[in-house]
Amino acid sequence: MTPGPRPHVVIVGAGFGGINATKELMDGPFEITLIDRDNYHGFWPLLYQVATAGLGPEDIAHPVRGMFGERSNVHVRLGTVSDVDLDRQLVQVADEADLAYDYLILAAGSSTSDFGIPGVDDYAFPLKTLPDAVRLRNHVLSCFERADACPELVDSGLLTFVLAGGGPTGVELSGALTELIGQNLARDFPHLDVTKSSVVLVEMLDHLLGGFAPSSQAHALETLRAKGVDVRLNTAISALDADHVTFKDGSSVATMTTVWTAGIRANPLADMLDVAKGKGGAIEVTKELTLPGHPEVFVIGDLAATTDRHGKPLPQVAQVAIQGARHVGRTIKRRTTGRPTKPFRYHSHGMMATIGRRAAVAEIPGGLKLRGTLGWLSWLAVHLVFLVGFRNRIVVLVNWSWNYLTWDRAARVILKEDSTTPSGQHRA
Ligand SMILES: Cc1cc2nc3c(=O)[nH]c(=O)nc-3n(C[C@H](O)[C@H](O)[C@H](O)COP(=O)(O)OP(=O)(O)OC[C@H]3O[C@@H](n4cnc5c(N)ncnc54)[C@H](O)[C@@H]3O)c2cc1C
């Protein structure tokens, strides 16, 4: 049911796309329902820091109601959208009444793709959500506790951590994990020979950080190897098991931890819709980011197969979601006032990835490349600016400063109520 006489805009997902679309529209003559399966907005670029005990889960999450609570035309709903009836303009919410819309913005993000590799679903640790990060942190810390009690298990791969995928998340996670082990766990476990532990970063291509300039890729490789990460390029995983990972050339590594950062596919909500899909199941959209044949339905962010003006696919990154959200907000406002609309144009703000303490690569539009301390400081500044919530920014800044001065990663906490095995924990 539409809440009032003004056009009702339903926005699915309170991620980078959903919250920016809401902000763009909330001063206009609209009733907005923003629905998410969680009651918080998650800042995924810092998820790896939760997994490696640098930050707590609350530091990178912000309650959605806290962002829009004072806006009478914004209705925040906690619920999981299960389907959309495009003909009747209804959003179906699991265990709840349907929501009628005049405009619909789908911004439900993405999920992990296993590329059909046997064992990934059962044994790999994904890193897409806050529970994923906490589960991985629990597991890593628990491995060290078990190794301390039974050091002979180290030879069975208990302290070997395999990270699949040499993109930004794999690079950032491998650097941070190496620092957690070398700086913190080495001190926490003085009776354990932590030099027997290893972090193995596996990438099927011949370079890390696909999409970055070759010089940045080479710098990341060199820096990670200097930190002690066992980087294996041109290496493809063919199967996972509970206690080992097998590669395409038939070799294997004993491990009880494989973190899967290799694949991404559209949120399963895309599969529910009988519409054209592109790579990774992402929904194909028009130049205005609408569903073909449904000008009232917009798809943005990771869920959409968005292209640039030359038809080249845009990456699934926060800026594409943010700029897409602002564009569809402006398009809806133009439509309701009878003004002509414009096609979506993406403006790249550059790319960056941190490799560890005082180590990062940053590529700024115009060709400027920053490395080392300068790259790292620019990475810190950008992430602080984009992190949602003043409190979160202060807490993260204090945590980073503390960590920098003392080498202490304070969140080395095992939360027992959370399972330490990945099995059955996957979520869209
Ligand atoms: C570990 C990690 C690190 C990353 N690092 C970077 C980085 O450094 N820089 C960068 O630019 N990008 C990074 N990204 C990518 C970036 O986070 C995404 O491109 C961006 O979040 C996409 O925005 P979105 O709004 O499409 O989806 P999201 O921000 O993921 O938001 C989707 C929202 O939809 C909700 N949702 C999902 N399904 C349903 C449903 N059925 N019903 C209701 N709600 C639902 C989710 O709970 C979520 O809140 C990273 C991603 C990950 C996972």
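Read on for a plain summary of the structure.

Rules used in this analysis
- Residues numbered from 1 in each chain as written.
- Predicted model: local features only at pLDDT ≥ 70, side-chain atom pairs only at ≥ 80, totals over all residues.
- Heavy atoms only, no water.
- Helix = DSSP H or I, 4+ residues; strand = E, 2+ residues; numbered from the N terminus.
- Rg over C-alpha atoms; globule rule 2.2 N^0.38 Å.
- Buried < 20%, exposed > 50% of the residue type's maximum accessible area, 1.4 Å probe, protein only.
- Contact = heavy atoms within 4.5 Å.
- Areas by Shrake-Rupley, 256 points an atom, 1.4 Å probe, with all protein chains shown as cover.
- Lys, Arg positive; Asp, Glu negative; His and termini not counted.
- Charge placed at Lys NZ, Arg CZ, Asp CG, Glu CD.
- Pairing = 2+ DSSP bridges.
- Axes fitted to C-alpha atoms, helices over the stretch in contact; angles between N-to-C directions.
- Near = heavy atom within 4 Å.
- Polar contact = N/O pair within 3.5 Å; in protein donor to acceptor, adjacent residues only side chain to side chain.
- Nonpolar A, V, L, I, M, F, W, Y, C, P; charged D, E, K, R; others polar.
- Domains from an automatic or database assignment.
- Phe/Tyr/Trp six-rings, centres within 6.5 Å; stacked < 30°, edge-to-face > 60°.
- Salt bridge = Lys/Arg side-chain N within 4 Å of Asp/Glu carboxyl O.
- Expected span 1.5 Å × (residues − 1).
- Core = buried A, V, L, I, M, F, W, Y, C linked by side-chain atoms within 4.5 Å.

### Notes on the overall build of the protein chain
Regarding its fold elements, the protein chain presents 11 helices and 26 strands. At 22 Å, the protein chain has a C-alpha radius of gyration in line with the 22 Å of a compact globule built from 428 residues. The principal-axis extents of the C-alpha atoms in the protein chain amount to approximately 70 × 50 × 45 Å. The burial tally for the protein chain puts 53% of its 428 residues in the buried class. Considering only residue pairs separated by 6 or more positions, the protein chain has 65% of its internal contacts joining residues 24 or more positions apart. A total accessible area of about 18,900 Å² is found for the protein chain, and carbon and sulfur atoms account for 54% of it. Here the protein chain carries 41 positive and 45 negative side-chain charges, and the mean point of each set is 9 Å from the other.

### Describing the sheet that holds strand 17 (residues 252-254)
In any sheet, the strands associate via hydrogen bonds between backbone groups, in a parallel or an antiparallel arrangement. Strand order across the open sheet formed by 3 strands is 15-16-17, with antiparallel pairing between neighbours. Two strands close off the open sheet at either side, each with one partner strand: strand 15 (237-240) and strand 17. Neighbouring strand axes in the sheet, compared pairwise and without regard to direction, differ in orientation by 20° on average. Relative to strand 16 (residues 244-247), strand 15 runs antiparallel, the two sharing 3 bridges. In the sheet register, I237 faces strand 16, and the bridge partner there is F247.

### Describing the site of the ligand
Taken together, 26 residues surround the ligand, and among them G17, D36, V81, D302 and A318 come closest. Within the backbone of Q316, one N or O atom sits 3.2 Å away from an oxygen atom of the ligand. In the complex, 90% of the free accessible area of the ligand, which totals 990 Å², lies under the protein chains. Put simply, the parts of the chain that give the shell around the ligand at least two residues each are helix 1 (16-25) and helix 9 (318-336). Of the residues in the shell around the ligand, the class split is 11 nonpolar, 10 polar and 5 charged. Counting only domains with at least three residues in the shell around the ligand, you end up with domain 1 (8-37 + 79-112 + 265-336) and domain 2 (120-262 + 350-406).

### Topic: the packing of aromatic side chains
Counting across every chain of the model gives 6 aromatic pairs. When the centroid spacing of 6.0 Å and the interplanar angle of 10° are considered together, the rings of F144 and F161 count as stacked. Of the two residues, F144 is situated in helix 5 (residues 130-149) and F161 in strand 12 (residues 160-164); the sequence distance between them amounts to 17 residues. The exposure class assigned to F161 is buried, which follows from its relative accessible area of 0%. Ring plane angle 40° and centroid distance 5.9 Å describe the contact between F144 and F189, whose orientation is recorded as tilted.

### Quick look at the side chain of S216
Along the chain, S216 turns up in helix 7 (residues 214-227). For S216, a relative accessible area of 1% gives the class buried.

### Comments concerning the pattern of salt bridges
Scanning the entire structure with this criterion turns up 13 salt bridges. For the salt bridge of R71 with D27, the shortest nitrogen-to-oxygen distance reads 2.6 Å. Linking R71 in the loop between helix 3 (64-68) and strand 5 (74-78) with D27 in the loop between helix 1 and strand 2 (31-36), this pair joins segments that are 44 residues apart in sequence. What makes D27 exposed here is its relative accessible area of 61%. With a closest N to O distance of 3.4 Å, R88 and D85 form a salt bridge. Of the residues examined, R88 reaches a relative accessible area of 58% and is grouped as exposed. For D85, a relative accessible area of 17% translates into the label buried. One connected set of salt bridges, linked through shared partners, spans E179, K227 and R409.

### Some details on the environment of F344
Within the fold, F344 resides in the loop between helix 9 and strand 24 (351-356). Taking the C-alpha atoms as reference points, F344 and G324, separated by 20 residues in sequence, lie 7.1 Å from one another. Those residues in contact with F344 that lie beyond four places of it in its chain are K287, L289, T306, L314, V320, Q323, G324 and H327.

### Some thoughts on helix 7
Under the 1.5 Å per step criterion, the end-to-end length of helix 7 is 20 Å for 14 residues, consistent within 8% with the ideal 20 Å. Here helix 7 has its buried residues at S216, Q217, H219, A220, L221, T223 and L224. With its phi angle positive at about 105°, G228 sits one or two positions after the end of helix 7.

### Section: the nonpolar core
Grouped together as the largest cluster of nonpolar side chains are 65 residues, with contacts concentrated most on L46, F144 and L208. No fewer than three residues from each of domain 1 (8-37 + 79-112 + 265-336) and domain 2 (120-262 + 350-406) sit in this core. Leave out the neighbours within four places in its chain, and F144 touches L159, F161, I181, L185, F189, L192, V194 and S197. M67, V93, Y103 and A270 belong to the second-largest nonpolar core, a separate cluster that totals 54 residues.

### Considerations on the sheet that holds strand 8 (residues 99-100)
Ordered by their spatial adjacency, 3 strands build an open sheet running 6-7-8, and the pairing between neighbours is antiparallel. A single partner strand is all that each edge strand has here, and the edge strands are strand 6 (81-85) and strand 8. Sheet analysis places strand 7 (residues 90-93) next to strand 8, joined by 2 bridges and oriented antiparallel. The partner of L90 across the bridge, within strand 8, is A100.

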